[in-house]
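If you want the building blocks of each chain, they are given just below.
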Amino acid sequence: MSHDVDTDPKNTSDEHNVVDKLHRPLRDLRVSVTDRCNFRCVYCMPKSVFSKEYKFLPRSELLSFEEITRVVKTAAQFGVTKIRLTGGEPLIRNDLEQLVEWIANVDGIKDISLTTNASLLTKKRAVSLRSAGLQRLNVSLDAIDDETFKRVNDVDIGVQDVLDGIEHATLAGFKSTKVNMVVKKGLNDHSILPMAKFFHGTGQILRFIEFMDVGSTNAWDLSHVVTSQEIADRINAELPIQPAEANYRGEVAKRWQYVDGGGEIGIITSVSEPFCGDCSRARLSATGSVYTCLFATSGHDLRPLLRSQDDAALAREFKRIWSSREDRYSETRTQVSVIRPKVEMSFIGG
Ligand code: SAM
Ligand code: SF4
Ligand code: SF4
């Protein structure tokens, strides 16, 4: 997951300044367009749970693109400027371009991005998504050798398919494609340095993400986390790096620059240095529930309101949800004594 947050309050009307109980504004909405995926990453959708028998949501339960656009319009009224489409694997939705186009036309939306495993990103798709108004892509890639990558994705898809996707994005004119690597000790942490070396000097920004305890199916344990400091130390030992200034207040990826001018990397420190204080992000599940934290147990179901045409009621509910928010799970993770169920990341989107 990338947790990047832009807290720069560009909107100044009262309506746009709705804040939660910890005075955090709402700026960012992640929209999950499907709970399905063509990968079975062992830390996200392990086959033991997401097997052939697993019942994914029927199409009839997914929000329509009209409904998603209506939620985006409402969110924009309250200060959301950034939309990220995610899943599951969002490229599984063949008509995603339509949604991108509609969202791009919503007043107040300045940035639309997509998080994808890129294995389905053909040249044609990259071009059509760009023409529809998609601005940025984050591609997930957890290793640079096939053996490790296949052990992670568990569906026998090789690294080249993802690299081809990244190449297609570049050819289609996407400029700042970022590559995200989740690091899990004993699974792929030996790939930290090979990944750094591969992307060094390419202009693509590699971001390392600490393995998180999202959901209840990935058997997370603190001992599986390679901390941000350890990741930086391992890279620095061979490719010297120095800390770089954040691009904006609340940026969650800590930036590091290669001393030799080979570009930069980011490290997302969700576990070792939580950043809940600046978290201005809400999530919309594929079934129409709003979640105010990645680690939430339950969401707020907007479907009854989406069935009516009462925009004012939808807006009131959206405002109520954000203004009663007090989530700061990552800051309290080690103090939480009772284990409670958490929603899966493939359901609400990374
Ligand atoms: N399928 C798309 C992809 O993989 O990019 C989008 C959805 S995926 C849930 C979004 C991001 O969440 C991916 O970068 C993935 O690696 C990350 N992610 C999933 N489970 C995670 C976990 N337990 N800890 C940290 N990041 C995780
Ligand atoms: Fe699919 Fe993305 Fe989860 Fe991997 S991380 S299983 S690609 S949703
Ligand atoms: Fe935001 Fe929840 Fe993550 Fe904290 S734990 S940064 S509140 S999503």
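Note that the coordinates shown come from a computational prediction; the quantities given were computed from them, not determined experimentally. (Residues numbered from 1 in each chain as written. Chains lettered and ligands numbered in written order. Predicted model: local features only at pLDDT ≥ 70, side-chain atom pairs only at ≥ 80, totals over all residues. Heavy atoms only, no water.)

Turning to the pattern of salt bridges, a few remarks are in order. A side chain with one charge may pair with a side chain of the opposite charge, provided their charged atoms come close. In total, this model carries 19 salt bridges according to the counting rule given. The shortest N-O distance in the salt bridge between Glu97 and Arg125 comes to 3.1 Å. Residue Glu97 is located in helix α2 (residues 96–104), and its partner Arg125 is located in helix α3 (residues 123–132); the two are separated by 28 residues in the primary sequence. Comparing Glu97 with Arg125, the two get one shared label, buried. (Salt bridge = Lys/Arg side-chain N within 4 Å of Asp/Glu carboxyl O. Helix = DSSP H or I, 4+ residues; strand = E, 2+ residues; numbered from the N terminus. Buried < 20%, exposed > 50% of the residue type's maximum accessible area, 1.4 Å probe, protein only.)

Around ligand 2, the surrounding shell consists of Cys37, Phe39, Cys41, Cys44, Met45, Gly88 and Asn117. Split into classes, the residues belonging to the shell around ligand 2 amount to five nonpolar, two polar and no charged. (Near = heavy atom within 4 Å. Nonpolar A, V, L, I, M, F, W, Y, C, P; charged D, E, K, R; others polar.)

What follows is about the nonpolar core. By size, the foremost hydrophobic cluster in this structure holds 89 residues, and its most contacted members are Leu85, Phe208 and Ile235. Of the residues forming this core, the biggest block, six residues, is contributed by helix α1 (residues 65–77). Sequence-distant contacts of Phe208, that is, excluding residues within four places in its chain, are made with Met181, Val183, Ile192, Ala196, Ile231, Ile235, Ile265, Gly266, Ile267 and Ile268. The next biggest cluster of nonpolar side chains, apart from the first, holds 12 residues, and it includes Val214, Val225, Tyr329 and Met345. (Core = buried A, V, L, I, M, F, W, Y, C linked by side-chain atoms within 4.5 Å. Contact = heavy atoms within 4.5 Å.)

On to the confidence of the model for the protein chain. Mean pLDDT over the protein chain stands at 91; residues scoring 70 or higher make up 92%. Across residues 1–13 the pLDDT falls below 50, and counting only partners more than four positions away or on other chains, this stretch makes 58 contacts in the model. (pLDDT = per-residue confidence, 0-100.)

Another aspect to go through is the packing of aromatic side chains. Counted under the stated rule, the structure contains seven aromatic pairs. Taking the centre distance of 6.1 Å and the plane angle of 70° together, the rings of Phe39 and Phe149 count as edge-to-face. Remark: Phe149 occurs in helix α4 (residues 146–153) and Phe39 occurs in the loop between β1 (28–32) and α1; sequence separation between them is 110 residues. As far as burial versus exposure is concerned, Phe39 and Phe149 are alike and both buried. Members of the aromatic cluster, joined through ring pairs, are Phe50, Tyr54 and Phe56. We note Arg130 situated over the ring of Phe174; from NZ or CZ to the ring centre the distance is 5.3 Å. (Phe/Tyr/Trp six-rings, centres within 6.5 Å; stacked < 30°, edge-to-face > 60°. Lys NZ or Arg CZ within 6 Å of the ring centre and 35° of its normal.)

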